Amino acid sequence: MINFFRKIRQNLLFESKTGKYLKYSLGEIVLVVIGILIALQINTWNENQKHIKKEHTFLVEVLKSLKRDLGRTKFIYNNRALTKRNDISTIIKDLNQIPLPADSILRNSFEQMTMTLSFIYDKGAYESLKSYGIDLIRDNSLRQNIVRMYENDLPLGIIFIDADRDVQEEMRYKLTNEIFTFREETLNKNSEIGVPHIDYNSLKNNRAFNQLVYLEKDVANNYVRRLEDKISDFEELILSIQNELNKSK
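Structural notes, computed from the coordinates. Values in this document were obtained by computation on a predicted structure and should not be read as measured data.

### Section: the nonpolar core
Among the nonpolar cores identified, the biggest contains 35 residues, and Leu-66, Ile-146, Tyr-150, Leu-227 and Ile-241 are the most heavily contacted of them. When residues of this core are traced back to their parent elements, those giving at least two are α2 (18-95), α4 (124-132), α5 (140-179) and α7 (207-247). Ignoring sequence-local partners within four residues, the contact set of Leu-66 consists of Tyr-150, Phe-234, Leu-237, Ile-238 and Ile-241. Grouped together as the second largest cluster of nonpolar side chains are 15 residues, Leu-95, Met-113, Leu-175 and Ile-179 included.

This is the structure:
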C-alpha cells in the first residue's frame, strides 16, 4: 500500500503536475490523521470497556458485602433487639399475674431482658474499592452514597449502639447484683448449682428492679430504632447498586 502511494507521488512529480501533487499530499496527510483519530477512538473505547468491567467487579463485591451485612443485621434485629424489647413487656405482664408463672418462665424473660448486643459490618470490599480509586464509580450520586455509608452512617451506627451499651453496663451490673441472690441447693439430678435465684414475688415493688426495667427499656428501644435505620440504609444502597449493575447488562 505504501509503495502504491509512493508510485503515484513519483508519477505526479515526473509529469510536473505540482498542483495535483500538493493536493494528493494534503489528502494523504488527512487520511493519516483520520487513521490516527480512529486508532485513538478504538483505544479509548477499549479503555472505557476495561473501566466499566472493573467498576462492575467492585460493585458486585460491595453488593455481596452489603447483602451479608443486611442479613446479619436483620437477624440481630429480629432475634435479639425485638426479643429483648418484647421480654421486657412480658416480664412486667407476668409479674402482675396471680399466681405467678413458673420460675423457669420468669427467669427466661429476665435473662432476655438484660441481654446485650453489638452492631458490626464488613468494610473489606469498600476498602478494596477505595484503594483502587473510588472515582472508578462513574455515577456521582452512587459514589457519594457508598462513601457516606462506609465513612459516616455505619461507623456512627457502631458508636450509637455500642456506646449506649457500654454506658449502661455499669448501672446494669449494679442493679442486677441488687436483684440476684444466690442459693445453694441440695445436690440431686434436678439441682443447678449457682443458678441465680430471684424472688419474683417482691420484684414488682423492688426499686432496683424498676430502675433496671426502665434502663433496659430505653436500651431496647435504642437497639430497635438504630437497627431499623441501618436496615433501611442497607436496603437503599443495595437497590441503588443493583440498578446501576442492571444498566450495564
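### Comments concerning the layout of surface pockets
The space that makes up the largest pocket amounts to roughly 170 Å³. Around the largest pocket, the lining residues are Ile-88, Ile-92, Leu-95, Asn-96, Lys-204, Phe-209, Asn-210, Val-213, Tyr-214 and Lys-217. Of all the secondary structure elements, the ones that give two or more residues to the lining of the largest pocket are α2 and α7. Considering every element that reaches the lining of the largest pocket, the biggest residue donor is α7, with 5 residues. In terms of residue class, the lining of the largest pocket is made up of 6 nonpolar, 2 polar and 2 charged.

### Section: the pattern of salt bridges
Counted by the stated rule, this structure contains 12 salt bridges. Linking Asp-122 and Arg-68 is a salt bridge whose minimum nitrogen-to-oxygen distance equals 3.9 Å. With Asp-122 in the loop between α3 (103-113) and α4 and Arg-68 in helix α2, this residue pair connects regions lying 54 residues apart in the sequence. Look at Asp-122 and you get partly exposed, because its relative accessible area is 33%. Among the ionic pairs, Lys-130 bridges to Glu-127, the shortest N-O distance being 3.7 Å. With Lys-130 and Glu-127 both in helix α4, this residue pair falls 3 residues apart, about one helical turn. Lys-130 gets classed as partly exposed once you look at its relative accessible area, which sits at 37%.

### Quick notes on a nonpolar patch on the surface
Together, Val-33, Ile-36, Leu-37 and Leu-40 make up a nonpolar patch on the protein surface, roughly 360 Å² of accessible area in all. For Ile-36, the position within the fold is in helix α2.

### As for α4
Buried within α4 are the following residues: Ala-125, Tyr-126 and Leu-129. For α4, the arc enclosing every buried residue in end-on projection is 100°, short of the 170-degree limit, so these residues lie on one face. Of the residues one or two after α4, Gly-133 is the one with positive phi, at around 135°.

### Here we look at the packing of aromatic side chains
The final tally for this structure, using the stated rule, is 4 aromatic pairs. Plain terms: the ring middles of Phe-119 and Tyr-121 are 6.2 Å apart, the flat faces sit at 35° to each other, and that makes the pair tilted. You'll find Phe-119 and Tyr-121 in the same group, each marked buried. A network of ring pairs unites the aromatic residues Phe-119, Tyr-121, Tyr-126 and Tyr-150 as a single cluster. Here Arg-226 stacks its cationic end above the ring of Phe-160, 4.2 Å away from the centre of that ring.

What counts and what doesn't
- Residues numbered from 1 in each chain as written.
- Predicted model: local features only at pLDDT ≥ 70, side-chain atom pairs only at ≥ 80, totals over all residues.
- Heavy atoms only, no water.
- Core = buried A, V, L, I, M, F, W, Y, C linked by side-chain atoms within 4.5 Å.
- Buried < 20%, exposed > 50% of the residue type's maximum accessible area, 1.4 Å probe, protein only.
- Helix = DSSP H or I, 4+ residues; strand = E, 2+ residues; numbered from the N terminus.
- Contact = heavy atoms within 4.5 Å.
- 1 Å grid on protein atoms, 1.4 Å probe; cavity = no way out; pocket = protein on both sides within 12 Å on 5 of 7 lines; lining within 4 Å.
- Points joined across faces, edges and corners; volume = space filled by probe spheres on them.
- Nonpolar A, V, L, I, M, F, W, Y, C, P; charged D, E, K, R; others polar.
- Salt bridge = Lys/Arg side-chain N within 4 Å of Asp/Glu carboxyl O.
- Patch = residues over 30% accessible without salt bridge, like charges linked within 9 Å, V, L, I, M, F, W, Y side chains within 5 Å.
- Areas by Shrake-Rupley, 256 points an atom, 1.4 Å probe, with all protein chains shown as cover.
- Arc of directions from axis to C-beta.
- Phe/Tyr/Trp six-rings, centres within 6.5 Å; stacked < 30°, edge-to-face > 60°.
- Lys NZ or Arg CZ within 6 Å of the ring centre and 35° of its normal.

Geometric values such as these leave the question of function open.
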